[in-house]
Amino acid sequence: RRSGKEHKDDDPMSENNHEKIAAGLRATMRRVASTVSIITTNHNGSDYGITATSVTSVCLSPPVILACINQSTRLYNAVLAAGYFTANYLADHQAGIAQVFGTPNTPDRFSTGHWNHGEYGPFLVDAMGVLNCELSQSFTFGTHSILIGKVVRTSAREADPLVYFEGESDSLCV
């Protein structure tokens, strides 16, 4: 710990420092490439879906993924009520679908793209990958919840991924 009198902006718990750290975190994470997914579910006959980039595997034994979802979305409560969700990993030609599902309150989202319905709700037929999950746990942290899903069914096809980088979705240039 530093000796002497600390300036308020140097205090890690100060409001000023919190805002600086949050801005720095946002700037850093915009520079980390992430695969773009659409998380979907169905509850009481209604389909729900959002674009998400914080979706990743946790382990293979048992097969588990996590998805970080803002609690203010309609999808969040629908997943909790339904007890399942699907992660649809987008291919590089599906940026338009990501845009539609990433825009709040877009009516009739599921008219964009080729969607079918399965036991775990809607899935994108030509997605790069589809993971059907049973909700195992949900952890609340700040404005978001971490949904832990046990993967019960998978499908994958050869395609280049759609990635989110610098605030935009694009194909992965190799």
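Parameters and conventions
- Residues numbered from 1 in each chain as written.
- Predicted model: local features only at pLDDT ≥ 70, side-chain atom pairs only at ≥ 80, totals over all residues.
- Heavy atoms only, no water.
- pLDDT = per-residue confidence, 0-100.
- Contact = heavy atoms within 4.5 Å.
- Buried < 20%, exposed > 50% of the residue type's maximum accessible area, 1.4 Å probe, protein only.
- Helix = DSSP H or I, 4+ residues; strand = E, 2+ residues; numbered from the N terminus.
- Arc of directions from axis to C-beta.
- Pairing = 2+ DSSP bridges.
- Axes fitted to C-alpha atoms, helices over the stretch in contact; angles between N-to-C directions.
- Salt bridge = Lys/Arg side-chain N within 4 Å of Asp/Glu carboxyl O.
- Polar contact = N/O pair within 3.5 Å; in protein donor to acceptor, adjacent residues only side chain to side chain.
- Phe/Tyr/Trp six-rings, centres within 6.5 Å; stacked < 30°, edge-to-face > 60°.
- Core = buried A, V, L, I, M, F, W, Y, C linked by side-chain atoms within 4.5 Å.

Participant: So what exactly am I meant to see when it comes to the confidence of the model for the protein chain here?
Facilitator: Note that predicted coordinates carrying low pLDDT should not be read in detail. The predicted model of the protein chain has a mean per-residue pLDDT of 85, with 81% of residues at 70 or higher. Under a pLDDT of 50 for its full length, residues 170-174 has, in the predicted model, 9 contacts with residues more than four places off or in other chains.

Participant: Explain helix 3 (residues 95-102) to me, please; I cannot follow it from the model alone.
Facilitator: Side chains that are three or four residues apart share a direction in an α-helix, a result of its 3.6 residues per turn. Buried within helix 3 we find Ile-97, Ala-98, Val-100 and Phe-101. For helix 3, the angular spread of buried residues about the axis comes to 160°, placing them on one side.

Participant: How should I be thinking about the sheet that holds strand 3 (residues 46-52) in this particular structure?
Facilitator: Where strands meet in a sheet, backbone hydrogen bonds hold them as pairs that are either parallel or antiparallel. Spatial ordering of the open sheet is given by 3-2-6-9-10-5-4, a layout of 7 strands whose pairing is antiparallel. The strands lining the two open edges of the sheet, one partner per strand, are strand 3 and strand 4 (55-60). With direction set aside, neighbouring strand axes in the sheet form an average angle of 30°. Across 6 bridges, strand 6 (residues 84-89) lies against strand 9 (residues 129-141) in antiparallel orientation. Bridge pairing in strand 9 links Tyr-89 to Gly-129. Docked against the sheet, helix 2 (residues 74-82) engages strand 2 (37-43), strand 3, strand 5 (63-70), strand 6, strand 9 and strand 10 (144-156), running at close to 55° with respect to strand 2.

Participant: Help me understand the pattern of salt bridges, please; the structure alone is not making it clear to me.
Facilitator: Should the charged atoms of two oppositely charged side chains come close, the side chains can pair. As enumerated under the stated definition, the model contains 1 salt bridge in all. Notably, a salt bridge pairs Glu-119 with Arg-153, separated by 3.6 Å at the nearest N-O pair. Linking Glu-119 in the loop between strand 7 (115-118) and strand 8 (121-124) with Arg-153 in strand 10, this pair joins segments that are 34 residues apart in sequence. The partly exposed category is assigned to Arg-153, whose relative accessible area is 40%.

Participant: Can you help me understand the environment of Thr-41 in this one?
Facilitator: Inspection of the secondary structure puts Thr-41 in strand 2. Between the alpha carbons of Thr-41 and Asn-132 there is a distance of 9.6 Å; along the sequence they are 91 residues apart. Those residues in contact with Thr-41, other than ones at most four positions away along the chain, are Ser-46, Asp-47, Tyr-48, Leu-75, Ala-78, Val-79, Ala-82, Tyr-84, Phe-85, Tyr-120 and Pro-122. Within the local environment of Thr-41, its side chain forms a polar contact with the backbone oxygen of Tyr-84, the two atoms lying 2.8 Å apart.

Participant: I keep staring at the packing of aromatic side chains and nothing clicks. Help me out?
Facilitator: Within the structure shown, the criterion is met by 4 aromatic pairs. Arranged with centres 5.4 Å apart and planes meeting at 45°, the rings of Phe-101 and Trp-115 form a pair that is tilted. Residue Phe-101 is found in helix 3, and its partner Trp-115 is found in strand 7; the two are separated by 14 residues along the sequence. In this pair, the class of Phe-101 matches that of Trp-115, namely buried. In this structure an aromatic cluster arises from ring pairing among Phe-101, Phe-110 and Trp-115.

Participant: Which parts of the structure should I look at to understand the nonpolar core?
Facilitator: Generally speaking, a soluble globular protein has its nonpolar side chains buried in company with each other. Counting residues in hydrophobic clusters, the biggest one holds 19 residues, and the most contacted among them are Ile-39, Val-55, Ile-65, Ile-69, Phe-85, Ala-87 and Leu-131. Elements represented by at least two residues in this core include exactly strand 3, strand 5, helix 2, strand 6, strand 9 and strand 10. Sequence-distant contacts of Leu-131, defined by excluding residues within four places in its chain, comprise Ile-65, Phe-85, Thr-86, Ala-87, Tyr-89, Val-151, Arg-153 and Thr-154. Formed by 13 residues, the second largest nonpolar core is a distinct cluster that contains Val-36, Ala-98, Phe-101 and Phe-110.

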